[in-house]
Amino acid sequence: MTSRRHIRQMIRNSRNSLSSLQQTQAAHALVLQCAADPNIQQAHSIAIYLSADGEIDTSLLIEWLWKQEKNIYLPVIHPFCKGHLLFLEYTSETLLVANKYQILEPKLNKNKVIPVNELDLIITPLVAFDHTGNRLGMGGGYYDRTLVNWNQYQKGPMPIGIAHTCQQVDILPTESWDVPLPRIITPEKTWHW
């Protein structure tokens, strides 16, 4: 079986090789897929992330969610609890700063934090996924820790992965801490288990 590290590199190379036109087309198609998803339609408080490293562009989806009057939150690396995330309100006025991975996140403000259990959905980044909903992230475990209650008890916000179609692989090697996703949305299809 191919190693997780090799899969990460292969899929990151694949999504980074997409042209600007392919990225734009994928972002538009993703909005259409998400607009048809009943979980997204019914949610009020949605965590999402800002794209980096060839990930499918989330900016059009965020704009669409704002137009639907959804409350949007972005992940912030927890300053005191290593390996954990906080989620802060995100509006067009939010001041963004680069974190230690050079990914933009809201400037920390405790008044803008929402407890994870008050979120309806967490739109989750991933590097690769397989046909059973297994997700391979960047390796930091941030989302696996955030979603542990969902994994064990089906409680808390539902995670939904979003990705380019080229990020699907036949089978992923998994670890005990990995959290499979109940839904993954690509520009062409919504997968659910």
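Residues numbered from 1 in each chain as written. Predicted model: local features only at pLDDT ≥ 70, side-chain atom pairs only at ≥ 80, totals over all residues. Heavy atoms only, no water.

### Overview of the environment of T174
Turning to step 1, where the next piece is worked out: With respect to the helices and strands, the residue T174 is situated in the loop between β10 (158-162) and β11 (183-185).
Turning to step 2, where the next piece is worked out: Note on T174: relative accessible area 44%, which makes it partly exposed.
Turning to step 3, where the next piece is worked out: For the pair T174 and R4, spaced 170 residues apart in the sequence, the C-alpha separation amounts to 8.4 Å.
Turning to step 4, where the next piece is worked out: When sequence neighbours within four positions are dropped, the list of residues in contact with T174 reads R4 and N134. (Helix = DSSP H or I, 4+ residues; strand = E, 2+ residues; numbered from the N terminus. Buried < 20%, exposed > 50% of the residue type's maximum accessible area, 1.4 Å probe, protein only. Contact = heavy atoms within 4.5 Å.)

### What to know about the environment of S92
Turning to step 1, where the next piece is worked out: Mapping S92 onto the fold places it in the loop between β3 (85-89) and β4 (96-98).
Turning to step 2, where the next piece is worked out: In the structure, S92 is positioned 53 residues away from N39 in sequence and 24 Å away in space, judged by C-alpha atoms.
Turning to step 3, where the next piece is worked out: At 3.5 Å, the side chain of S92 forms a polar contact with the side chain of E93. (Polar contact = N/O pair within 3.5 Å; in protein donor to acceptor, adjacent residues only side chain to side chain.)

### A word on the pairing of β10
Turning to step 1, where the next piece is worked out: Counting buried positions over the five residues of β10 gives five, a clear majority of the element.
Turning to step 2, where the next piece is worked out: The alternating pattern of β10 places M158, I160 and I162 on one face and P159 and G161 on the opposite face, and all of these are buried.
Turning to step 3, where the next piece is worked out: In this sheet, β10 lies alongside strand β7 (residues 121-124) in parallel orientation, the contact comprising four bridges. Bridging from a neighbouring strand, I123 pairs with I160 of β10.
Turning to step 4, where the next piece is worked out: Where β10 and β11 come together, three bridges link them in parallel fashion. Looking at the pairing, I162 lines up with I185 of β11. (Pairing = 2+ DSSP bridges.)

### Focus on the sheet that holds strand β2 (residues 71-77)
Turning to step 1, where the next piece is worked out: With mixed pairing, the eight strands of this open sheet are ordered in space as β6-β3-β2-β1-β7-β10-β11-β12. Each edge of the open sheet carries a strand with a single partner, namely β6 (113-114) and β12 (190-192).

### Here's the deal with the side chain of T124
Turning to step 1, where the next piece is worked out: With respect to the helices and strands, the residue T124 is situated in strand β7.
Turning to step 2, where the next piece is worked out: Of note is the side chain of T124, whose polar atom sits 2.9 Å from the backbone oxygen of I122.

### Let's talk about the UniProt feature "binding site: substrate" (unreviewed entry) in the protein
Turning to step 1, where the next piece is worked out: UniProt's feature table lists "binding site: substrate" (unreviewed entry) at L50 and E55, given in the numbering used throughout.
Turning to step 2, where the next piece is worked out: Within the secondary structure, L50 is located in the loop between β1 (45-47) and α4 (59-67).
Turning to step 3, where the next piece is worked out: Excluding its chain neighbours within four sequence positions, the residues that come into contact with L50 are E55, T58, I62, L74, Y90, L96, I103 and L104.
Turning to step 4, where the next piece is worked out: Relative to the helices and strands, E55 is located in the loop between β1 and α4.
Turning to step 5, where the next piece is worked out: In this view, E55 contacts R15, Q23, Y49, L50, P125 and H164; residues no more than four positions away in its chain are not counted.
Turning to step 6, where the next piece is worked out: Engagement of the side chain of E55 in a polar contact is seen with the backbone nitrogen of A52, the distance being 2.9 Å. (UniProt positions renumbered as here; feature names shortened; annotations may be inferred.)

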